[in-house]
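Working through the structure, step by step
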Amino acid sequence: MIKLSGLIPAVFTPFDKNGAVNLPQIRPYADKLVTDGADGVFVCGSTGECTSMTVAERKSVLEAWVKAAAGRMRVIAHVGGTCQADCIELARHAAGQRVDAVGAIAPFYFKPASVEELVDFYKPIAAAIAPIPFYTYHMPSVTGVNLPMLIEMCSAQMMDEGLSIQELMEKAAEAGKSGMQFFHASQIADDDEEEDDL
């Protein structure tokens, strides 16, 4: 599994005055980030206007970022939304673009009521990109979904084993020792529990 660290900005998506995605602006934006020392980019997240774009637009933006990054920065694609089928389609597309990782926000209209429901939403998305790393994008201020994320992250790997919540919590306590990573909208935590701003 790759190690996410350093400066990974959640990039905005440029639009022209008519509201169309302005793809030519992405290359100079990427060049500027490389010059400024960015280690990666998080594409089509909240700042990237994911909820304001069609699936086709999100694909085109990701393709432009992968091309512009040209191996100089890691590319993490956000594929989350309210339609699981769209998320899976975007995930498969991201895998085809050979991104370094994929993330997805929790569905925010019909909200999952439990960790199990959220894991059920995520599982086919993560399966669509395996073995590329998958991250849950935890942003309860936007989604209204505020479940115990440490348990959730472990659940995605362990639920099929039939573990109880208590057993899951015990496993979660060991997660940091196994190299599992956790980050949220503004921070990345490394194995030493140091945190770098995105």
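Note on numbering: residues in each chain are counted from 1, in written sequence order. Given that this is a predicted model, residues contribute local features only at a pLDDT of at least 70 and side-chain atom pairs are listed and counted only at 80 or more, while totals for whole chains, interfaces and linings are drawn from all residues. Side-chain measures were taken over the full set of non-hydrogen atoms in the model, leaving aside hydrogen atoms and water.

Section: unusual backbone geometry
Of note, the bond from A130 into P131 is cis; its omega dihedral lies within 30 degrees of zero at 10 degrees. Numbering of helices and strands runs from the N terminus, with a helix taken as a DSSP run of H or I at least four residues long and a strand as a DSSP run of E at least two residues long. Structurally, P131 can be placed in the loop between helix 4 (115–129) and strand 4 (134–137). Positive phi, close to 65 degrees, is recorded for C44, a residue that is not glycine. Its relative accessible area of 3% is what places C44 among the buried residues. A positive phi angle, near 65 degrees, is found at E49, a position not held by glycine. Per-residue accessibility, obtained with a 1.4 Å probe over protein chains only, is compared with the maximum for each type, and a residue is labelled buried under 20%, exposed over 50%, and partly exposed between these values.

Quick look at the environment of P107
Assignment of secondary structure puts P107 in the loop between strand 3 (101–105) and helix 4. Ignoring sequence-local partners within four residues, the contact set of P107 consists of G81, T82, P112, L118, F121 and V145. Working rule for contacts: check all heavy atoms of both residues, and any pair within 4.5 Å makes them a contact.

A short note on the nonpolar core
Grouped together as the largest cluster of nonpolar side chains are 41 residues, with contacts concentrated most on V43, W65 and I125. At the level of secondary structure, the elements contributing two or more residues to this core comprise helix 1 (26–35), strand 1 (40–43), helix 2 (55–69), strand 2 (74–78), helix 3 (84–96), strand 3 and helix 4. The biggest single contributor to this core is helix 4, with seven residues. Those residues in contact with W65, other than ones at most four positions away along the chain, are V11, I26, Y29, A30, L33, V41, V43, M73 and V75. Only buried residues count toward a nonpolar core, which is a set of Ala, Val, Leu, Ile, Met, Phe, Trp, Tyr and Cys residues joined through side-chain atoms within 4.5 Å. By size, the runner-up hydrophobic cluster in this structure holds nine residues, among which are L4, F42, I76 and Y135.

Some details on the sheet that holds strand 3
Two strands pair under a simple rule: DSSP has to find at least two bridges between them. Strands sit in the order 1-2-3-4 across an open sheet of four strands; the sheet is parallel. On the outer flanks of this sheet lie strand 1 and strand 4, each paired with one strand and no other. Put simply, the sheet's adjacent strands are angled 25 degrees from each other on average, direction ignored. Note that strand 3 and strand 4 share four bridges and pair parallel. The residue of strand 4 that forms the bridge with G103 is Y135. Angles shown run from 0 to 180 degrees and are taken between the N-to-C directions of axes, each axis being a line fitted to C-alpha atoms and, for helices, limited to the stretch in contact.

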